[in-house]
Amino acid sequence: MKFIVKLFPEITIKSRSVRQRFCKRLASNLRIQFKDLGEQVAQGAGTEVLSHWDYIEILIHNPAITAEDARDVLRRNPGIAYFQQVLEFPLTTAEEIIPHLVAANSERLKGKSFAMRVRRVGQHDFSSLDWERHLGGALMQLTEARSVDLRRPDVQVRLEVRHQKVFIETEREPGMGGYPLGSQEDVVSLMSGGFDSAVATYLTMKRGCKTHFCFFNLGGSAHEIGVRQIAHHIWKQYGSVAKVYFVSVPFDEVVAEILTKVNHSLMGVILKRMMMRAGNRVASRLHVNTLVTGESIAQVSSQTLTNLNIIDNASERLVVRPLIVSDKQDIINQAKAIGTFDMAASMPEYCGVISDRPTVKARPDKVLEEEAKLDMEVIRRAIERSQVLKIDQVLKDLKPQAELDQFEAKEDAVVIDIRHPTEQEKSPLTLDAEVVHIPFYQLSTRFPELDQEQQYLLYCDRGVMSKLHALYLHDAGHVNVGVYGSK
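Everything numeric in this text was worked out from a predicted model, so none of it was measured. Just so you know, the residues in each chain are numbered from 1, in the order the chain's sequence is written. Restriction of local features to residues with pLDDT of at least 70 applies here, the model being predicted, together with a cutoff of 80 or more for giving and counting side-chain atom pairs; totals for whole chains, interfaces and linings are based on all residues. To obtain the side-chain values, all non-hydrogen atoms of the structure were used and water was disregarded.

Asker: Help me understand the environment of Ile270, please; the structure alone is not making it clear to me.
Answerer: Under the scheme used here, helices are H or I runs from DSSP no shorter than 4 residues and strands are E runs no shorter than 2 residues, and both carry numbers assigned from the N terminus. Within the secondary structure layout, Ile270 lies in helix H9 (residues 267-285). Measuring from C-alpha to C-alpha, the distance between Ile270 and Met191 comes to 18 Å, with 79 residues separating the pair along the chain. Leave out the neighbours within four places in its chain, and Ile270 touches Ile258, Val262, Val367, Glu370, Glu371 and Leu374. Contacts are assigned to residue pairs that have any heavy atoms within 4.5 Å of one another.

Put into structure tokens, the structure is as follows:
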């Protein structure tokens, strides 16, 4: 079984040295993936990956590897314009090629129009047009093709004469495009687990960047598990030849600091600036100079051009935003295409830092004034508590999550309202049961001080934060907690 891989056009216009380096990188990536594939399906003969000036030749000798297995590998490797499954024959005469051409195309030409396409590389005593006419005429006579249509054919029959070899194409598929993974510098993607950050991460991989993952945990293991699953999926599908890391940074203390000290209108912008500062430290630890985010212009209040500029000022490193001018629906469609849509759609939306009437044009002096109120040591402590894992290990230490039932409040139950104080004031929770007010950002420190013989039910408006924090408390050993909700 043989495949011909054609390089992405941008590679072919590079200088000779750069082109050779990119081609060598792509060939190396493919060797690794086909070796892994061979080990997965069965032990047996290997796969040859031969690099040439303008294409890569793949010869698969392992009978356990199917054509679909091979196509799946080639679909998921950056740097490929398209790939062909081909039959190879020595160059003799057009007449001797006709039986092979008919056998390869007779079924797919039944009742259809076609165009014969011949491409030559090297010196020959015939032209491509000569062979197109001769071979096309033979196909019309020897198959059940309906007609020849050079403008809008149903099927294109492709044949390539390369020096003294003839390749008859049996299948052709587009590749990912972009540059071979690892041909560009490393980046750190700030992952939230939503549609945007997953697609932005995919795009940097497609452009050839080894992409590490940095997740700011704002309050619970359930969210982190979801983000780990998305990060692992993207890496496994599109970047498994790269050795990269997943860094989880506990950000609950940072959130608490912002919510208790910062003006409500600037909370979102300042949270992003704190993430940039922490992201810089993570990048420094990984020896990386670039951060990646999934932000796009005006999608939310913190993503206006004014606010993005202020956010970037907190970073010592370049911040790349692959989706900066993308529409939301286009991002969602891309998430579906790369297989992250369902995971992102089910991701709990963390509603921790909610700004009341957030500003869309933050003033630098006001931002600095508010940040002066913060204890910046929270960033250092968050980084010290961060967890760095190899990406292939992120799913191995996950614990099954406890199933948390929802209960109606009973007379002996204590309901903890974990909403922000401003939300509690706007919409007070009135129940027959006892209600205790503990904002979510104080829950981890104040809950152990409560009577542990008592059963507690957490409450928030949408039930997202309450479930996240209930799971977090379960992980900490507090089994006397559930989620409040009317049946």
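Asker: It is not clear to me how the packing of aromatic side chains should be interpreted in this structure. Could you clarify?
Answerer: Any pair of aromatic rings gets described here by the distance separating the centres and the angle formed by the planes. Two rings from Phe, Tyr or Trp (for Trp, the six-membered ring) form a pair when their centres are within 6.5 Å of each other. A pair whose planes differ by under 30 degrees is stacked, one over 60 is edge-to-face, and the rest are tilted. Summed over the entire model, instances satisfying the criterion amount to 7 aromatic pairs. Their ring planes at 75° and their centres at 5.0 Å tell us that Tyr202 and Tyr238 sit as a pair that is edge-to-face. Placement of Tyr202 in helix H6 (residues 195-206) and of Tyr238 in helix H7 (residues 221-238) is noted, with a sequence separation of 36 residues between them. Judged on exposure class, the residue Tyr202 and its partner Tyr238 are both buried. Whether a charge sits over a ring depends on NZ of Lys or CZ of Arg being within 6 Å of the ring centre and within 35 degrees of the ring normal. For the cation-ring pair, Arg120 lies above Phe126, with the distance from its terminal atom to the ring centre recorded as 5.9 Å. Classification of residues uses two cut-offs on accessible area relative to the type maximum, computed with a 1.4 Å probe and protein chains only: under 20% is buried, over 50% is exposed, and between them is partly exposed.

Asker: Could you clarify how one ought to interpret the sheet that holds strand S4 (residues 80-90) in this entry?
Answerer: What links the strands of a sheet is backbone hydrogen bonding, and the strands pair in either a parallel or an antiparallel sense. The strand order across the open sheet formed by 8 strands is S2-S3-S1-S4-S8-S7-S5-S6, and the pairing between neighbours is mixed. If you trace the sheet from one side to the other, it starts and ends with strand S2 (47-51) and strand S6 (147-148), each paired once. Strands pair, by our definition, only if DSSP identifies at least two bridges between them. Of the strand pairs in this sheet, S2 and strand S3 (residues 55-60) are connected by 5 bridges, and their pairing is antiparallel. Considered in S3, the bridge of Thr47 is made with Ile60.

Asker: Quick question: what am I supposed to make of unusual backbone geometry here?
Answerer: Note on backbone geometry: most residues besides glycine have negative phi, and most peptide bonds are trans. Although it is not a glycine, His163 adopts a positive phi angle of roughly 55°. Mapped onto the secondary structure, His163 falls in the loop between strand S7 (155-162) and strand S8 (165-177). Non-glycine residue His287 carries a positive phi angle of around 60°. You can call His287 exposed: its relative accessible area is 73%.

Asker: What is the right way to look at the pattern of salt bridges in this model?
Answerer: Opposite charge on two side chains permits them to pair, given that their charged atoms come into close proximity. What counts as a salt bridge is simple: a side-chain nitrogen of Lys or Arg found within 4 Å of a carboxyl oxygen of Asp or Glu. Evaluated as defined, the whole model comprises 35 salt bridges. Between Arg76 and Asp72 there is a salt bridge, and its shortest N-O distance comes to 3.2 Å. Exposure remark for Asp72: the relative accessible area of 32% places this residue in the partly exposed category. For Asp196, the salt bridge is made with Lys328, and the minimal N-O distance between the two is 2.9 Å. Of this pair, Asp196 sits in helix H6 while Lys328 is found in helix H11 (residues 328-338), placing the two residues 132 residues apart along the sequence. Accessibility expressed as a relative area gives 11% for Asp196, which makes it buried. Through salt bridges with shared partners, one network takes in Lys6, Asp54, Arg119, Glu160 and Arg162.

Asker: Any chance you could explain the packing of helix H4 (residues 94-105) against helix H5 (residues 128-142) here in plain terms?
Answerer: Geometrically, a packed helix pair is captured by the angle between its two axes and the distance between the axes. Contact geometry for H4 and H5: axes closest at 10 Å, N-to-C directions at 45°. Classed by the angle they form, the pair H4 and H5 counts as oblique. Crossing of H4 over H5 shows right-handed handedness. Judged by residue contacts, Ala94, Glu95, Ile97, Ile98, Leu101 and Val102 of H4 engage Trp131, His134, Leu135, Ala138, Leu139 and Leu142 from H5. Note that Gly is not counted as nonpolar here; it falls among the polar residues with everything else outside the nonpolar set of Ala, Val, Leu, Ile, Met, Phe, Trp, Tyr, Cys and Pro and the charged set of Asp, Glu, Lys and Arg. Of the residues in the contact of H4 with H5, the class split is 10 nonpolar, 1 polar and 1 charged. Each axis is a line fitted through C-alpha atoms, taken for helices only over the stretch in contact, and angles between the N-to-C directions span 0 to 180 degrees. The labels follow the angle: roughly parallel below 35 degrees, roughly antiparallel above 145, roughly perpendicular from 65 to 115, and oblique for the rest. Crossings are assigned a handedness: left-handed for a near helix turned anticlockwise from the far helix by less than a right angle, right-handed for a clockwise turn.

Asker: Quick question: what am I supposed to make of the packing of H6 against H11 here?
Answerer: H11 packs onto H6 with a crossing angle of 65° between their chain directions and a minimal axis gap of 9 Å. As H6 runs across H11, the sense of the crossing is left-handed. Between H6 and H11, the residues in contact are Phe195, Asp196, Ala198, Val199 and Tyr202 and Lys328, Ile331, Ile332, Gln334, Ala335 and Ile338, respectively. Grouping the amino acids of the contact of H6 with H11 by side-chain chemistry returns 8 nonpolar, 1 polar and 2 charged.

Asker: Is there a simple way to explain the UniProt feature "binding site: ATP" (unreviewed entry) in the chain in this structure?
Answerer: UniProt positions are given in the numbering used here, feature names are shortened, and annotations may be inferred rather than shown by experiment. Under the present numbering, the feature "binding site: ATP" (unreviewed entry) in UniProt falls on Leu190, Met191, Lys272, Gly294 and Gln303. Considering the arrangement of structural elements, one finds Met191 in strand S9 (residues 187-191). Judged by relative accessible area, Met191 falls into the buried class, the value being 3%. When its relative accessible area of 11% is taken as the criterion, Gly294 is described as buried. Setting aside its immediate chain neighbours within four residues, Gly294 contacts Asp196, Ser197, Ala200 and Leu323.

Asker: In this structure, what is going on with the nonpolar core? I would like to understand it.
Answerer: The tendency in soluble globular proteins is for nonpolar side chains to be buried side by side. To define a nonpolar core, start from buried Ala, Val, Leu, Ile, Met, Phe, Trp, Tyr and Cys residues and group those joined through side-chain atoms within 4.5 Å. Judged by nonpolar contacts, the single largest core of 54 residues is most densely connected at Val249, Phe251, Ile258 and Met274. At 10 residues, H9 tops the list of elements feeding residues into this core. Here Phe251 is in contact with Phe216, Asn217, Leu218, Leu271, Met274, Met275, Ala278, Ile379 and Ala382, once residues within four sequence places are set aside. Of all hydrophobic cores here, the second largest spans 34 residues; its members include Ala198, Ala200, Val241 and Ala335.

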